[in-house]
Amino acid sequence: MKLVLICATLFIFFSLLLNGARRRGKLGETANRAVTGLANSMRIFVFGLLLFVAIVCVAMAWHLLQSPA
């Protein structure tokens with residue numbers, strides 16, 4: 001889990017750096033498209049990770065509520 005969190009944090013950090021360079025116009029046309037595609041991939045990864053964690057939390061809560069006391 002630590003590795004996944006580290007990857008997500010690094011993805012967000014690189015995304016912010018590359019987006020800043022793209023907005024300032026320091027990248028060429030092909031690099032602009034590559035950064036946009038990479039940013040979209042990072043967003044999908046992070047949102048997928050959040051969805052997975054939410055599903056696990058709901059499953060754990062359901063399991064705890066269903067177990068006999």
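Residues numbered from 1 in each chain as written. Predicted model: local features only at pLDDT ≥ 70, side-chain atom pairs only at ≥ 80, totals over all residues. Heavy atoms only, no water.

Caption draft 1: The arrangement of the overall build of the protein chain in detail. If you tally the helices and strands in the protein chain, you get two helices and zero strands. A compact globule built from 69 residues would reach a C-alpha radius of gyration of about 11 Å, whereas the protein chain, at 18 Å, exceeds it by more than 25%. Seen through its C-alpha atoms, the protein chain measures out along the principal axes to roughly 65 × 20 × 15 Å. When the 69 residues of the protein chain are sorted by exposure, 14% land in the buried category. As displayed, the protein chain has an accessible area near 5,700 Å², and 75% of this comes from carbon and sulfur atoms. (Helix = DSSP H or I, 4+ residues; strand = E, 2+ residues; numbered from the N terminus. Rg over C-alpha atoms; globule rule 2.2 N^0.38 Å. Buried < 20%, exposed > 50% of the residue type's maximum accessible area, 1.4 Å probe, protein only. Areas by Shrake-Rupley, 256 points an atom, 1.4 Å probe, with all protein chains shown as cover.)

Caption draft 2: The packing of helix 1 (residues 2-23) against helix 2 (residues 29-66), seen in detail. Where helix 1 contacts helix 2, the axes come no closer than 10 Å and their chain directions differ by 150 degrees. On the basis of the axis angle, helix 1 is roughly antiparallel to helix 2. Viewed along their axes, helix 1 and helix 2 form a crossing whose handedness is left-handed. Within the contact between the two elements, helix 1 uses V4, A8, F11, I12, F14, S15, L18, N19 and R22 and helix 2 uses N32, V35, T36, L38, A39, M42, R43, F45, V46 and L49. A breakdown of the residues in the contact of helix 1 with helix 2 according to their chemical character gives 13 nonpolar, four polar and two charged. (Axes fitted to C-alpha atoms, helices over the stretch in contact; angles between N-to-C directions. Parallel < 35°, antiparallel > 145°, perpendicular 65-115°, else oblique. Left-handed = near helix turned anticlockwise from the far one by under 90°. Contact = heavy atoms within 4.5 Å. Nonpolar A, V, L, I, M, F, W, Y, C, P; charged D, E, K, R; others polar.)

Caption draft 3: How the structure looks around helix 2. Taking 1.5 Å of rise per residue, the 38 residues of helix 2 would be expected to cover 56 Å, and the 56 Å separating its terminal C-alpha atoms lies within 8% of that figure. Of the residues making up helix 2, those classed as buried are V35, A39, M42, V46 and L49. Looking at the buried residues of helix 2, the elements they touch are helix 1. (Expected span 1.5 Å × (residues − 1).)

Caption draft 4: Geometry of helix 1. Relative to the 32 Å expected for 22 residues at 1.5 Å per residue, helix 1 spans 31 Å between its end C-alpha atoms, a close match to the ideal helical length. On the buried face of helix 1, the contacting elements are helix 2. Directly after helix 1, the chain includes G25, whose backbone phi takes a positive value near 80 degrees.

Caption draft 5: Region of interest: the environment of A8. Looking at the secondary structure, you find A8 in helix 1. Taking C-alpha positions, A8 is 6.2 Å from V46, a pair spaced 38 residues apart along the chain. Apart from residues no more than four positions distant in its own chain, A8 is found in contact with F45, V46 and L49.

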